[in-house]
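# Chains, contacts and geometry: an overview
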Amino acid sequence: MNKKQREGLRLENRKEVFSWIKAIGIAVILAFLIRTYIFAPIVVDGESMMPTLQDHERIVLTKFGTNIDSIDRFDIVVFHATVDKDYIKRVIGLPGDHIEYKDDTLYINGKAYEEPYLDEYKEQMAGGMPLTESFKLEDITGGMTVPDNQLFLMGDNRQNSLDSREIGTISVDEIVGKANLVYWPIKEIKIVN
């Protein structure tokens, strides 16, 4: 191989190495952007969303669409509870809603709502004990309705959940994203609702 051929081969190798570095750099940037702004994996920590979500299940969180217009009643959301801790809960009350539980039934603005995601736990309750103790929003927050830009959130495991009943309404600005899919363990893959 002469000097010109060796130089051409070196130049070709450099182009290939640069091409690989560029491809890896683009992949890292895309992964960062997707994880930061679009989707993120989250590990469920605790039993407050049982039976819907189990402790240590891994879920996909959608980070876009977390403004007040895109959050619906009964969505499952993750929010910043403290500087170091995020919680996962279900949206029960939207801004302007009056929330009341009476005889284990949810009433929003005076209308009774079914909560099929609680059926499994309600069947397990012994002696007709209620899963959700009776309360009115005004007894908890002092206000008759959920304030603007706030949400009333509760865990599905009503007897073992630190939620809006104790910590009050949550600002939409604290919402990290909406839970969409359980992807681990594989035998438990399901759409979250």
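We now turn to the structure provided with this report. (Residues numbered from 1 in each chain as written. Predicted model: local features only at pLDDT ≥ 70, side-chain atom pairs only at ≥ 80, totals over all residues. Heavy atoms only, no water.)

### Regarding the overall build of the protein chain
Helix and strand content of the protein chain: four helices and 12 strands. The C-alpha atoms of the protein chain give 24 Å as radius of gyration, which overshoots the globular expectation for 193 residues (16 Å, by more than 25%). Each of the three principal axes of the protein chain carries a C-alpha extent, and together these read 90 × 35 × 25 Å. Within the protein chain, the proportion of its 193 residues that are buried is 36%. Excluding contacts between residues fewer than 6 apart, the proportion of contacts in the protein chain whose partners are at least 24 apart in sequence is 59%. On the protein chain, the mean spot of the 23 positive side-chain charges and the mean spot of the 31 negative ones are 16 Å from each other. (Helix = DSSP H or I, 4+ residues; strand = E, 2+ residues; numbered from the N terminus. Rg over C-alpha atoms; globule rule 2.2 N^0.38 Å. Buried < 20%, exposed > 50% of the residue type's maximum accessible area, 1.4 Å probe, protein only. Contact = heavy atoms within 4.5 Å. Lys, Arg positive; Asp, Glu negative; His and termini not counted. Charge placed at Lys NZ, Arg CZ, Asp CG, Glu CD.)

### A short note on unusual backbone geometry
Cis geometry is adopted by the peptide bond preceding Pro51, which originates at Met50 and carries an omega value of 5°. You can see Pro51 is positioned in the loop between β1 (39–43) and β2 (58–62). Across the junction of Trp184 and Pro185, the peptide omega takes the value 5°, indicating a cis bond. Examined against the element boundaries, Pro185 turns out to sit in the loop between β11 (175–184) and β12 (190–191). Backbone geometry at Phe74 places phi at a positive 80°, although glycine is not the residue there. Relative to the elements of secondary structure, Phe74 occurs in the loop between β2 and β3 (76–80). Positive phi is not limited to glycine here, since Asn109 has a value of about 55°. Here Asn109 lies in the loop between β6 (105–108) and β7 (111–113). Residue Asn109 is classed as partly exposed on the basis of its relative accessible area, which comes to 47%.

### Brief notes about the side chain of Glu100
Relative to the elements of secondary structure, Glu100 occurs in strand β5 (residues 99–102). There is no salt bridge for the buried Glu100, and the closest opposite charge comes from Lys136, which lies 4.4 Å off by N-O distance. Each residue touching Glu100, except ones within four places of it in the same chain, is listed here: Thr105, Leu106, Tyr107, Phe135 and Lys136. (Salt bridge = Lys/Arg side-chain N within 4 Å of Asp/Glu carboxyl O.)

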